[in-house]
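# Fold and contact review
The lines below spell out each chain.
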Amino acid sequence: MCAALHRTRPPPPRSAAGQDACRARRGLRHLAALPAKMRAAPGAASPAALQAGAAKAAREARVGDVRARALVVNADFVKSSVRPDDCPKDGRPEFALVGRSNVGKSSLLNSLVRRKKLALTSKKPGKTLSGINHFIINDSWYLVDLPGYGLDEFTRNYFLSRDNLVSVFLLIDASIPAKKIDLDYASWLGQNKVPMTLVFTKCDKRKKKKNGGKRPEENVEAFQSLIREYFEAAPPWIMTSSVTNQGRDEILLHMSQLRNYWRKH
């Protein structure tokens, strides 16, 4: 008798929170049983839309974080090395800028860091001081200004011995037709599996058609057509101008993304 009374005894009353949770579970079961078109109240976001919105917000947060890391807060000259072995040995990631004389390398470097005279130049226009010039950016990574434009032993050793070299930024003058030396340089980097990004400079310049000049866009397209003969997939490329700062933010964002990938792999 006592056992029977025990079995029929009503359950203890739920707390307010317990009642709300129970109603919520019943509501979810009811929602799942409805056709998809009937699940969302008029004007309310569907679960799929809410999920998509959350995913979008997460992506935007990640992009915002990458953009924040792409900003240059401070930049300082560290040293000029005459041998790759003399370069900084702290393992920070670095990006090398290289290009032939008068390609606008120093101007681009100054534009990236928003400084007028960070790059080291000689008294002759278009000449970088001899040596591998390291500039520390935000106390966390390097921009490297390489001298001249020749694949001598000095440059080759640097490209092939620096484990922390994330990418070479090969600068090409877009205001003039492609040069064989640019194609040869790109080909050598590709053959030796040195990561590379093509940076087309002076994209603000417009040559007069009557003098046989072509627009920068035409020269860029022509160079890409030629370089496809050397690569299965063309390297990434960015059009820039140190006068208008075109491409500056794209380069910094690209570098930030490459640093993230380099650190993870």
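A quick note: this is a predicted structure, and the numbers were derived from the prediction, not measured.

What follows concerns the overall build of the protein. Across its full length, the protein carries eight helices and seven strands. Scored against the burial criterion, the 265 residues of the protein give a buried share of 38%. For the protein, the proportion of contacts with a sequence separation of at least 24, taken over those separated by at least 6, is 74%.

Inspection of helix α5 (residues 153-161) places T155, Y158 and F159 among the buried residues, and these make up the whole buried set. For α5, the arc enclosing every buried residue in end-on projection is 95°, short of the 170-degree limit, so these residues lie on one face. Exposed and oriented more than 90 degrees from the buried face of α5 are E153 and L160.

The next point concerns the nonpolar core. Judged by nonpolar contacts, the single largest core of 30 residues is most densely connected at L146, Y158, F159, L170, L189, L198 and F200. Elements supplying a minimum of two residues to this core: β2 (94-98), β3 (132-137), β4 (141-145), α5, β5 (165-173), α6 (180-191), β6 (196-201) and α7 (216-227). Ranked by the residues each element gives to this core, the list is headed by α6, at five residues. Beyond its immediate sequence surroundings of up to four residues, Y158 is in contact with P84, C87, E94, A96, I132, V144, L146 and L165. Of all hydrophobic cores here, the second largest spans 23 residues; its members include V72, F95, V103 and L112.

Another point: the environment of G247. Locating G247 in the fold gives a position in the loop between β7 (237-239) and α8 (248-264). G247 gets classed as buried once you look at its relative accessible area, which sits at 6%. Taking the C-alpha atoms as reference, G247 lies 9.6 Å from C203; in sequence the two are 44 residues apart. The residues touching G247, leaving out its near neighbours within four places in the chain, are I238, M239 and T240.

Turning our attention to the pattern of salt bridges. A complete count under the given rule lists eleven salt bridges for this structure. Here K202 makes a salt bridge to D173, at a shortest N to O gap of 3.6 Å. One end of the pair, K202, is in the loop between β6 and α7; the other, D173, is in strand β5, with 29 residues separating them in the sequence. Across this residue pair, the class does not change: K202 and D173 are buried. When salt bridges with common partners are traced through the structure, they connect R114, R248 and D249 into a single cluster.

This brings us to unusual backbone geometry. Of note in the backbone geometry, R114 takes a positive phi value of approximately 60° without being a glycine. Relative to the helices and strands, R114 is located in the loop between α4 (105-113) and β3. Looking at R114, the relative accessible area reads 46%, which means it is partly exposed. A positive phi angle, close to 60°, is found at K202, a residue other than glycine.

The subject of this paragraph is α8. The end-to-end C-alpha separation of α8 is 25 Å, in line with the 24 Å expected for 17 residues at 1.5 Å each. Among all positions of α8, only R248, I251, L252, L253, H254, M255, S256, R259 and N260 are buried.

Thresholds applied
Residues numbered from 1 in each chain as written. Predicted model: local features only at pLDDT ≥ 70, side-chain atom pairs only at ≥ 80, totals over all residues. Heavy atoms only, no water. Helix = DSSP H or I, 4+ residues; strand = E, 2+ residues; numbered from the N terminus. Buried < 20%, exposed > 50% of the residue type's maximum accessible area, 1.4 Å probe, protein only. Contact = heavy atoms within 4.5 Å. Arc of directions from axis to C-beta. Core = buried A, V, L, I, M, F, W, Y, C linked by side-chain atoms within 4.5 Å. Salt bridge = Lys/Arg side-chain N within 4 Å of Asp/Glu carboxyl O. Expected span 1.5 Å × (residues − 1).

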